[in-house]
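So the chains spell out like this:
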Amino acid sequence: MLDKPGSSRALTATTADALPYQSGFLGTHETEALDGALPIGRNSPQRAPYGLYAEQLSGTAFTAPRASNRRTWFYRIRPSALHASGFHAVDRGLLRTAPGRDESDLAIGQLRWNPIPIPDQPLDFLNGLRTIATCGDASLQLGMASHVYLATKSMGNKYFYNADGELLIVPQLNGLRLRTECGVLEVAPGEICVMPRGLKFAVDLLDGPARGYICENYGAYFDLPERGPIGANCLANARDFLYPCAAYEDVEQPGELYVKSGGHIYKTDIAQSPLDVVAWHGNYAPCKYDLRRFSPVGSVLFDHPDPSIYTVLTSASDRPGTANVDFVIFPERWLVMEDSFRPPWYHMNVMSEFMGLIYGVYDAKPGGFVPGGMSLHNALIAHGPDTEAFENGSKAQLKPHKLSGTMAFMFETRYPFNPTGFASNLELLDRGYPDCWKGLKKNFDPKRKDW
């Protein structure tokens, strides 16, 4: 629902149910907030309807193959060129960008952090960002960064876009309202949002102070993984990804535009809202997804499958089958395997794993790993179920069992993470985390096959 042009905010809906969406991952969408605002049969007419400016946002090179080409045409009140000057560098706070290897002398090993409490001081989404670890090199478009956000206030007339990578936002405490050039999305814990590189947005709080995780992906854009022998269905289905409908701000008030580029934060003063897109069409736009719509598959007879079957989105690398970043979840699911150790097995992985818990209990760490917490197991650092999970998994009666009320996730990458100085010096770093395996006693008895 739109207010009259010139109002302070164009969109007045306040609940997720009230917002209209379009469905279909990477579909070519079209939407207009005013009837007839989208040109028909052409992208750049001599005079766009309603006195609008036609402008294309290209997420890939013009000559990228059709299947991977990402771009959107905007029809906006003012072109972005009006807001592309006067930038000056500002303090980046606790936000860091790869490569970043000089801030921490933390030794390699099994790492875990307790949840970072939300501070009392006023913080919006942008100045509440804290980088936990980085890997790769943003300038080479390789790797990623893991951040948390802590927010106690909305951004208002403060806007942001990221030139270094796309953002996968994972709310953990309370919901967010994301005002973007393409329209408005609302995401709550249990949902995610993917925000493209270069797209301007602002974040408002829905339910009070908010906390969550972010994967800043420097590499190839997130896409749905191939299902292989699974076939055409299950996992994350394209129809469940929702895109906003056009909703513009015709706001003639001073504001601030912030840009992250090359690891630096720049700011310029602007005289009007940059979220003034009245209509758009294309496939380069933000989207949201409800993780509870993920349709898991698993073993129905014996053994524990690889966690790759829980991949929601993947960012490909130049090495087939080895991702720049995988976004993996561990949702509610039934465990029915016979004569099998059902928790995740012990392993050493050439991929690096950053984990978080949105809600509930993670079955491999029933104690100590709590919602809002984080763990980091770099490449070839051994890890697996703690003592309690091993004892339970080894001795439990193997009846069908449903893991309920749980949602953990993992950012998995081919590159080794470098924890930031901020994360390395946090008092919330659980120095006793490796102790969770110390209770794993020797069970070996060469005279007793069935122990």
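Residues numbered from 1 in each chain as written. Predicted model: local features only at pLDDT ≥ 70, side-chain atom pairs only at ≥ 80, totals over all residues. Heavy atoms only, no water.

J.: Could you clarify how one ought to interpret empty space enclosed by the protein in this entry?
T.: Rolled over the atoms, a probe sized like a water molecule indicates the empty space that remains. Here the structure, examined in full by the defined rule, presents 6 cavities of 30 Å³ or more. The calculated volume of the largest cavity comes to roughly 230 Å³. At the level of elements, strand 24 (352-359) and strand 25 (374-377) are the ones that each hand at least two residues to the lining of the largest cavity. Partitioning the lining of the largest cavity into residue classes produces 12 nonpolar, 6 polar and 3 charged. Roughly 110 Å³ of volume is contained in the second largest cavity. (1 Å grid on protein atoms, 1.4 Å probe; cavity = no way out; pocket = protein on both sides within 12 Å on 5 of 7 lines; lining within 4 Å. Points joined across faces, edges and corners; volume = space filled by probe spheres on them. Helix = DSSP H or I, 4+ residues; strand = E, 2+ residues; numbered from the N terminus. Nonpolar A, V, L, I, M, F, W, Y, C, P; charged D, E, K, R; others polar.)

J.: So what exactly am I meant to see when it comes to the sheet that holds strand 4 (residues 71-76) here?
T.: Paired through backbone hydrogen bonds, the strands of a sheet run either parallel or antiparallel to each other. Spatially, the 4 strands line up as an open sheet ordered 2-19-4-3, and their pairing is antiparallel. If you trace the sheet from one side to the other, it starts and ends with strand 2 (29-32) and strand 3 (53-58), each paired once. On average, each strand axis in the sheet is inclined to that of its neighbour by 20°, with strand direction left out of account. Relative to strand 4, strand 3 is paired through 6 bridges, and the arrangement is antiparallel. For L57, the partnering residue across the bridge sits in strand 4 and is T72. (Pairing = 2+ DSSP bridges. Axes fitted to C-alpha atoms, helices over the stretch in contact; angles between N-to-C directions.)

J.: Explanation requested: the layout of surface pockets in the structure shown.
T.: By volume, the largest pocket is sized at about 770 Å³. In this structure, the largest pocket is lined by 38 residues; those nearest its centre are P225, T314, G321, A323 and D326. Residue assignment for the lining of the largest pocket shows that the elements contributing at least two residues are strand 21 (311-315), strand 22 (325-330) and strand 27 (407-413). Along the lines of polarity and charge, the residues of the lining of the largest pocket split into 19 nonpolar, 11 polar and 8 charged. Of the pockets and cavities examined, the second largest pocket occupies roughly 270 Å³. L335, P343, N392, G393 and H401 are the residues nearest the centre of the second largest pocket, which is lined by 14 residues in total. Of all the secondary structure elements, the ones that give two or more residues to the lining of the second largest pocket are helix 1 (387-395) and strand 26 (401-403). The element that contributes the greatest number of residues to the lining of the second largest pocket is helix 1, accounting for 3 residues. Considered class by class, the residues forming the lining of the second largest pocket number 7 nonpolar, 4 polar and 3 charged.

J.: Please clarify how the pattern of salt bridges should be interpreted in this entry.
T.: Pairing of side chains with opposite charge becomes possible as their charged atoms draw close. Applying the stated criterion across every chain, the model contains 22 salt bridges. Measuring nitrogen to oxygen at the nearest pair gives 3.0 Å for the salt bridge that ties R414 to D318. Residue R414 is found in the loop between strand 27 and strand 28 (418-419), and its partner D318 is found in the loop between strand 21 and strand 22; the two are separated by 96 residues along the sequence. You can call D318 exposed: its relative accessible area is 70%. A salt bridge links K438 to D435; the nearest nitrogen and oxygen atoms lie 3.1 Å apart. K438 sits in the exposed class, given a relative accessible area of 66%. Each of E55, R76, E181, K200 and D276 takes part in one network of salt bridges that share partners. (Salt bridge = Lys/Arg side-chain N within 4 Å of Asp/Glu carboxyl O. Buried < 20%, exposed > 50% of the residue type's maximum accessible area, 1.4 Å probe, protein only.)

J.: Just checking my understanding: could you explain the nonpolar core for this structure?
T.: F125, V312, L313 and F327 are the most contacted members of the largest nonpolar core, which totals 102 residues. Not counting chain neighbours up to four residues away, the residues in contact with L313 comprise F25, L168, I192, V194, F222, D223, L224, P225, F241, V325, D326 and F327. (Core = buried A, V, L, I, M, F, W, Y, C linked by side-chain atoms within 4.5 Å. Contact = heavy atoms within 4.5 Å.)

J.: What is the right way to read the environment of C245 from this model?
T.: With respect to the secondary-structure elements, C245 resides in the loop between strand 16 (241-244) and strand 17 (255-261). Along the sequence, C245 and H264 sit 19 residues apart, while their C-alpha atoms lie 31 Å from each other. Those residues in contact with C245 that sit more than four places away from it in its chain are P20, Y21, Q22, T31, C182, G183 and V184.

J.: Sorry, what's going on with the pairing of strand 14 (residues 201-205) here?
T.: When a strand is regular, its side chains alternate between the sheet's two faces. Of all 5 residues making up strand 14, 5 are buried, and the element is well covered by its neighbours. The alternating pattern of strand 14 places F201, V203 and L205 on one face and A202 and D204 on the opposite face, and all of these are buried.

J.: How should the environment of E103 be read in this particular structure?
T.: Relative to the assigned elements, E103 resides in the loop between strand 5 (88-90) and strand 6 (111-113). Residue E103 is classed as partly exposed on the basis of its relative accessible area, which comes to 38%. Measuring from C-alpha to C-alpha, the distance between E103 and G298 comes to 41 Å, with 195 residues separating the pair along the chain. Ignoring anything within four residues of it in the chain, the contact list for E103 reads R92, R96, T420 and G421.

J.: Hey, could you run me through a nonpolar patch on the surface in this one?
T.: Residues V300, W334 and V336 make up a contiguous nonpolar surface patch of roughly 330 Å² in combined accessible area. With respect to the helices and strands, W334 occurs in strand 23 (residues 333-335). (Patch = residues over 30% accessible without salt bridge, like charges linked within 9 Å, V, L, I, M, F, W, Y side chains within 5 Å. Areas by Shrake-Rupley, 256 points an atom, 1.4 Å probe, with all protein chains shown as cover.)

J.: Help me out: how do you make sense of the packing of aromatic side chains in this one?
T.: Centre-to-centre distance and the angle between the planes together describe a pair of aromatic rings. Summed over all chains, the structure comprises 18 aromatic pairs. Relative to Y289, the ring of F241 lies with its centre 4.3 Å away and its plane at 15°, an arrangement referred to as stacked. You can see F241 sitting in strand 16 and its partner Y289 sitting in strand 20 (residues 287-290), a full 48 residues away along the chain. A ring pair is formed by F327 and F411, whose centres lie 6.0 Å apart and whose planes are at 40°; its orientation type is tilted. Placement of the pair is F327 in strand 22 and F411 in strand 27, with a sequence separation of 84 residues. Across this residue pair, the class does not change: F327 and F411 are buried. Three or more aromatic residues link up through ring pairs in this structure, and these residues are Y213, F327, F354, F409, F411 and F417. Cation over ring: K158 sits above Y258, and NZ or CZ is 4.9 Å from the ring centre. (Phe/Tyr/Trp six-rings, centres within 6.5 Å; stacked < 30°, edge-to-face > 60°. Lys NZ or Arg CZ within 6 Å of the ring centre and 35° of its normal.)

J.: In this structure, what is going on with unusual backbone geometry? I would like to understand it.
T.: Phi is mostly negative for residues that are not glycine, and the peptide bonds are mostly trans. A cis amide bond, omega 0°, links A98 with the succeeding residue P99. Relative to the assigned elements, P99 resides in the loop between strand 5 and strand 6. Look at Y50: it is not a glycine, yet its phi comes out positive at around 60°. Within the secondary structure layout, Y50 lies in the loop between strand 2 and strand 3.

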